[in-house]
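Now for the letters of each chain:
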Amino acid sequence: MASLCLNSLPVPPSSHPRKLSETSLSSSLLLDNNNNHSTTSALKPIVVSGDPPTFVSAPGRRILAVGDLHGDLKQARSALEMAGVLSSDGQDLWTGGETVLIQVGDILDRGEDEIAILSLLRSLDKQAKAKGGAVFQVNGNHETMNVEGDFRYVDSGGFDECNDFLEYINGSEDDWEETFTGWVDVSERWKEDQAMSRSYWGPWNLVKRQKGVIARSILFRPGGPLACELARHAVVLKVNDWVFCHGGLLPHHVEYGIERMNKEVSEWMKGLGENDNTLQIPFIATRGYDSVVWNRLYSRDTPDLVDYQAKQVCSILEETLQAIGAKGMVVGHTPQTIGVNCKYNCSIWRVDVGMSSGVLNSQPEVLEIIDNKARVIKSKRDRRSELEAAAYT
């Protein structure tokens, strides 16, 4: 059986200088065994601080942000192919070179390929690091809900996938990483085989559903294998001059400490402290209308939002960005029927377009940031929208 969860190394206290770790050496100057210099790129290596990752220095990189995916593997692949980071030959190969990709949460619920998407992104991260790039995820409210055991929005196919995945990992003799990254391919083969024998279940669908609920509970409970996988990711991530989160960051979140929040959510997901009754749900990050994963302050455009209220929101956003030292924020969470867009002097970008078939089934769109200039990729890689563009200096 695959090893399911390894505790991460502790984050250095904030009162001490952070330890920085290079995620890739492929983009830096290397020496081979014959002391010959070989250069793959002039770009400096990506440097990450925090566990889970909280601050990322990615000099000169193209940055991509993808919104909520909600269990739709086909749409996820379409978005990544359109952005030029995933091969279109069905081999799931990283083609983004030194690009940094950030998915802003809500991979879970409303679709039947949730774990397959997590598997795909983990595989792409491994491939990207070998090329000098990286793939990051931030957890959204649907990730935290599932760790809490709230399965209200789980698709029936999502329960089936959990049942299959639990059987798969129990029968695997490989380590966790190899087992997990292999699931995206295995799941498709299993679904094809099951489609041919679907009539087998007939009147036993209720039994099948119960098995799926039990499997999901085992996988996502604090300390469970998929909860530990989610624990690898932050709820707030700062890459260069940009901050990425699911709902929205507020001044009191920054005052509380984003490394502290990330660490508390991660430890909760890993089930640390469960045996001594100290395990608590990190409220400021995961609960309440103004928590990081639930906040919609920057994403709602209500007709009755009067001018002074809009100015207040803009002021809160400016205060937050100044406190964290960022020029812009990227969020998901609230589907944008007009597509990826920006507001408040383009200091906030909203990238959830509801692309999943379980939401709006909209055409995928991706935000691209190069040299602090942001724009929307709407169709093919070479056809980007010029309607929403902003330069940050």
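## Focus: the overall build of the chain
When helices and strands are counted, the chain shows eleven helices and 16 strands. Across the 393 residues that make up the chain, the buried fraction comes to 53%. For the chain, restricting intrachain contacts to residue pairs at least 6 apart in sequence, the fraction spanning at least 24 positions comes to 69%. Summing over all exposed atoms, the chain offers an accessible surface of approximately 18,300 Å²; the carbon and sulfur share of this is 49%.

## Observations regarding the state of the cysteines
Here a disulfide denotes one covalent bond, and it connects the sulfur atoms of two cysteines. Counted under the stated rule, the structure contains one disulfide. Between C342 and C346 runs a disulfide, and the two sulfur atoms are separated by 2.0 Å. As far as the burial class goes, C342 and C346 line up, both buried.

## Considering the confidence of the model for the chain
Summary statistics for the chain give a mean pLDDT of 86 and a share of 81% for residues scoring 70 or more. The element-level mean pLDDT for the chain is lowest in strand 2 (residues 30–31), coming to 30, with strand 7 (residues 100–103) highest at 99. Between residues 6–39, whose pLDDT stays under 50, and residues either more than four places distant or in other chains, the model counts 56 contacts. Ignoring residues within four places in sequence, the model shows residues 381–389, a span with pLDDT below 50, making 25 contacts including any to other chains.

## Overview of the pairing of strand 10 (residues 242–245)
Going residue by residue along strand 10, you find W242 and F244 tucked away on one face and V243 and C245 tucked away on the opposite face as well. Across four bridges, the pairing between strand 9 (residues 236–239) and strand 10 is antiparallel. Bridge assignment links K238 to a residue of strand 10, and that residue is V243. Counted along the chain from strand 9 to the antiparallel partner strand 10, the turn is two residues long, and its residue N240 has a positive phi close to 55 degrees. Bridge analysis of strand 10 against strand 11 (residues 328–331) gives three bridges, and the strand direction is parallel. Across the sheet, residue W242 finds its bridge partner in strand 11, namely G328.

## Some points on the environment of F165
Summarising the element assignment, F165 is placed in helix 4 (residues 156–170). Exposure remark for F165: the relative accessible area of 0% places this residue in the buried category. The sequence separation of F165 and F180 amounts to 15 residues, and the corresponding C-alpha distance is 9.3 Å. Leaving out residues up to four positions away in the same chain, F165 has contacts with I115, W176, F180, W183, L219 and L226.

## So, the nonpolar core
Grouped together as the largest cluster of nonpolar side chains are 99 residues, with contacts concentrated most on F165, F244, L249, M329 and W349. Ranked by residue count, the leading element in this core is helix 2 (residues 114–130), at eight residues. Non-local contacts of M329, meaning those with residues more than four positions away in its chain, are made with W242, V243, C245, G248, L249, Y298, L317, T320, L321, S347, I348 and W349.

## Quick notes on helix 2
A rise of 1.5 Å per residue sets the reference length of helix 2, with its 17 residues, at 24 Å; its end C-alpha atoms lie 25 Å apart and thus fit the reference within 8%. Taken across its 17 residues, helix 2 has 13 buried, putting it largely inside the fold. Once helix 2 finishes, G132 follows within two positions and takes phi at roughly 95 degrees, a positive value.

## Description of the pattern of salt bridges
The full count for this structure, using the stated rule, is 18 salt bridges. One salt bridge connects R216 with E114, and the closest N-O pair in it is separated by 2.7 Å. Of the two residues, R216 sits in helix 6 (residues 205–220) while E114 sits in helix 2, which places them 102 residues apart along the sequence. E114 matches R216 in its accessibility class, with the two residues each being buried.

## A word on the packing of helix 4 against helix 6
One can describe the packing of helix 4 onto helix 6 by two numbers: an axis separation of 8 Å at closest approach and a directional angle of 65 degrees. Along this stretch, helix 4 crosses helix 6, giving a crossing that reads as left-handed. Contacts between helix 4 and helix 6 involve S156, G158, F159, D160, C162, N163, F165, L166 and I169 on the former and, on the latter, K208, R209, K211, G212, V213, A215, R216, I218, L219 and F220. Looking at side-chain class alone, the contact of helix 4 with helix 6 contains ten nonpolar, four polar and five charged residues.

## Description of helix 9 (residues 258–270)
For helix 9, spanning 13 residues, the distance from its first C-alpha to its last is 18 Å, which sits close to the expected 18 Å at 1.5 Å a residue. Of all the positions in helix 9, only I258, E259, M261, N262, V265, S266, W268, M269 and K270 are classed as buried. Of the residues flanking the end of helix 9, it is G271, one or two places downstream, whose phi is positive at about 80 degrees.

Conventions we followed
- Residues numbered from 1 in each chain as written.
- Predicted model: local features only at pLDDT ≥ 70, side-chain atom pairs only at ≥ 80, totals over all residues.
- Heavy atoms only, no water.
- Helix = DSSP H or I, 4+ residues; strand = E, 2+ residues; numbered from the N terminus.
- Buried < 20%, exposed > 50% of the residue type's maximum accessible area, 1.4 Å probe, protein only.
- Contact = heavy atoms within 4.5 Å.
- Areas by Shrake-Rupley, 256 points an atom, 1.4 Å probe, with all protein chains shown as cover.
- Disulfide = S-S within 2.5 Å.
- pLDDT = per-residue confidence, 0-100.
- Pairing = 2+ DSSP bridges.
- Core = buried A, V, L, I, M, F, W, Y, C linked by side-chain atoms within 4.5 Å.
- Expected span 1.5 Å × (residues − 1).
- Salt bridge = Lys/Arg side-chain N within 4 Å of Asp/Glu carboxyl O.
- Axes fitted to C-alpha atoms, helices over the stretch in contact; angles between N-to-C directions.
- Left-handed = near helix turned anticlockwise from the far one by under 90°.
- Nonpolar A, V, L, I, M, F, W, Y, C, P; charged D, E, K, R; others polar.

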